[in-house]
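Tertiary structure, described
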Amino acid sequence: METVIPCVLMRGGTSRGPFFLGDWLPADPAERDRLLLIAMGSPHALQVDGLGGGNTLTSKVAIVSRSTRPDCDIDYLFAQVSVDRATVDTRPNCGNMLSGAAPFAIDEGLVPARHGVTPVRVHNVNTGAVIEAVVQTPGGRLTYEGDARIDGVEGAAAPVRLNFLDAWGAVTGKLFPTGCRQEQVDGVAVTLIDAAMPMVLMCASDFGLRGDETPAQLDGNAGLLARMERIRIQAGARMGLGDVSNSVIPKPVLLAPVDAVGAGPLALRSRYFTPRACHRAHAATGAVGVASAFLMPGTVAHACGGPAVQAGYRTVRIEHPSGAMSIDVELDPASGVVRAAGLMRTARKIMKGLLYVPGHYVLAGATAARAVA
């Protein structure tokens, strides 16, 4: 027996993976995850027998449904499918894949397109956060074509604006889960922050690094990866996340000041890990958290050249291995703590078709898929 399921392969930001409507997949989470592992070809270094691309950035899944919340349009569940382990992690959000969720929802008829642009309120099921995605719909029709460019992706596409409205402490309950803006873990100064993504922020210089190393150089440093993993596991426990050895959160991040002429006063360099390999560009959610910490005194990020506190929106430029990205961050005028943040991403529909999965699954939708002998 094999199961046949509709599937849309999309690029979201600097990530790629299949997008599914919720009723195309099994309702039971264990059955759903078992199907996703087979669909992506995991565990296998190349994922040669599935849709995965042999990299954490191309082993991601987005599941979209009409929202169960009256204040939102769609529910978006992100699944990080391990490449080399039989695990599916639905604890984190992914801002890059998120950039494809609203266009996908419009394409599949969950949200009607408006003339000009269509704002879509997205409930991230993983964290409970709400994000507004603004999609280009000229003449009331969705388009993926445009002139917007993001570093890490060739060519241009229609911009998708992501406005993070309440992502602060969405996973742990607090922006700074331990109540400290900076502390020591395994002898290293860290900032443990939950701003769009739970992260462990560290200075690259504390590891004898400049912060401009390539992903290949960092991934080839076994001692560095082992030490960061020890720190990450201890940090996860402190943040109330329990044993994170089989989870992709919190994410470790190495930061450094930007010394390039012309970079601007609000800029820093970041190397973001996913968590056991360096991202070839940067996670969107991670960039929101890094930029937020950069503007708040007392954090490891702020020590990398952060400015004095100033209320209102400020734009932070984050340099990453493939270029840079800009994050607009608004601080609360009373507390000086982040209130909202936004950035621009792009997305592209690559293909739509039928996914053939060996085995029979009890599916949520009666007509969404079928089992064939």
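No experiment lies behind these values; they were computed from the predicted model shown.

Moving on to the overall build of the protein. For the protein, the count of helices and strands is 5 helices and 17 strands. Expected size for 373 residues packed as a compact globule is a radius of gyration near 21 Å; at 20 Å, the protein falls within 12% of this value. Projected onto its principal axes, the C-alpha coordinates of the protein cover approximately 60 × 45 × 35 Å. The buried share of the protein, reckoned over its 373 residues, is 57%.

Taken as a whole and assessed by the stated rule, the structure comprises 18 salt bridges. Residue D186 pairs with R230 through a salt bridge whose shortest N-O separation is 3.9 Å. Pair noted here: D186 is in the loop between β9 (183-185) and β10 (188-194) and R230 is in helix α4 (residues 222-238), with a separation of 44 residues, a long-range link. By sharing partners, the salt bridges in this structure join D186, R227 and R230 into a single network.

Moving on: the layout of surface pockets. Think of a ball as big as a water molecule: rolled over the atoms, this probe shows where empty space is left. Taken as a whole, the largest pocket spans an internal volume of roughly 410 Å³. Residues of the lining of the largest pocket, tallied by class, amount to 8 nonpolar, 9 polar and 6 charged. Looking at the lining of the largest pocket, you find at least three residues from each of domain 1 (3-166 + 348-357) and domain 2 (183-335). Lining the second largest pocket we find 12 residues, and of these G22, R32, I63, S65 and L77 sit closest to its centre. Of all the secondary structure elements, the ones that give two or more residues to the lining of the second largest pocket are β3 (60-66) and β4 (74-81). Class assignment of the residues belonging to the lining of the second largest pocket gives a composition of 8 nonpolar, 2 polar and 2 charged.

Membership of the largest hydrophobic core comes to 111 residues, with the highest contact counts inside it found for F164 and I327. Residue-level mapping places this core at the junction of two domains, with at least three residues from each of domain 1 (3-166 + 348-357) and domain 2 (183-335). Excluding anything up to four places from it in sequence, F164 contacts N93, L98, V130, I131, A196, T285, V288, A340, A341 and L343.

For a regular strand, side-chain orientation follows a simple rule: the groups alternate between the two sheet faces. Taken together, the 9 bridges between strand β14 (residues 312-320) and strand β15 (residues 323-331) define a ladder with antiparallel strand orientation. Of the residues in β15, the one forming a bridge with R317 is S326. Between β14 and β15, which pair antiparallel in sequence order, lie 2 residues. Summarising the sheet, β15 and strand β16 (residues 338-358) pair through 4 bridges and their orientation is antiparallel. The residue of β16 that forms the bridge with D328 is G342. Hairpin connection of β15 to β16: 6 residues between the antiparallel strands, including G336 at a positive phi of 75°.

Let's shift gears to the domain arrangement of the protein. Domain boundaries assigned for the protein yield domain 1 (3-166 + 348-357) and domain 2 (183-335). Every contact between the two is made by 16 residues of domain 1 and, on the other side, 25 residues of domain 2. Carbon and sulfur atoms supply 53% of the area that domain 1 and domain 2 bury against each other, a total of about 1600 Å² over both sides. Among the residues domain 1 hides against domain 2, the three largest losses belong to R85, R91 and D151. Together they make up 31% of the total. Summed over the shared surface of domain 1 and domain 2, the number is 1 salt bridge. Between R161 and D328 there is a salt bridge, with the nearest N and O atoms lying 3.1 Å from each other.

Next up on the list: α4. In this model, α4 (17 residues) spans 25 Å end to end at C-alpha, consistent with the 24 Å of a helix rising 1.5 Å per residue. Along α4, the positions that sit buried rather than exposed are L224, M228, E229, I231, R232, A235 and G236. Along its buried surface, α4 packs onto β9, β10, β11 (198-203), α3 (215-219) and β12 (251-257). At the exit of α4 stands G240, carrying a positive phi of roughly 80°.

Criteria and thresholds
Residue numbering note: each chain is counted from 1, following its sequence as written. In keeping with the model being predicted, local features are shown solely for residues with a pLDDT of at least 70 and side-chain atom pairs are shown and tallied solely at 80 or more, while totals for entire chains, interfaces and linings include all residues. Side-chain numbers come from the whole structure's heavy atoms, not from hydrogens or water. Numbering of helices and strands runs from the N terminus; a helix is a DSSP stretch of H or I covering at least four residues, while a strand is a stretch of E covering at least two. Computation of the radius of gyration draws on C-alpha atoms, with the globule rule given as 2.2 Å multiplied by the number of residues to the power 0.38. Classification of residues uses two cut-offs on accessible area relative to the type maximum, computed with a 1.4 Å probe and protein chains only: under 20% is buried, over 50% is exposed, and between them is partly exposed. Salt bridge, as applied in this entry: a Lys or Arg side-chain nitrogen positioned within 4 Å of an Asp or Glu carboxyl oxygen. Grid spacing is 1 Å over the protein atoms alone, the probe is 1.4 Å, and a cavity is where that probe fits but cannot get out, while a pocket is an open set with protein on both sides within 12 Å along at least five of seven lines and lining residues have an atom within 4 Å of a point. Grid points are joined across faces, edges and corners, and a volume is the space filled by probe spheres set on the points. Ten residues, namely Ala, Val, Leu, Ile, Met, Phe, Trp, Tyr, Cys and Pro, are considered nonpolar, four, namely Asp, Glu, Lys and Arg, are considered charged, and the remaining ones, Gly among them, are considered polar. What counts as a domain boundary in this text is fixed by an automatic or database domain assignment. We define a nonpolar core as any set of buried Ala, Val, Leu, Ile, Met, Phe, Trp, Tyr and Cys residues linked to one another through side-chain atoms lying within 4.5 Å. Contacts: residue pairs with any heavy atoms within 4.5 Å of one another. By this definition, two strands are paired if DSSP reports at least two bridges between them. Buried area is calculated as the accessible area (1.4 Å probe) missing from two parts once they are joined, with the contributions of both summed. Residue count minus one, scaled by 1.5 Å, sets the expected span of a helix.

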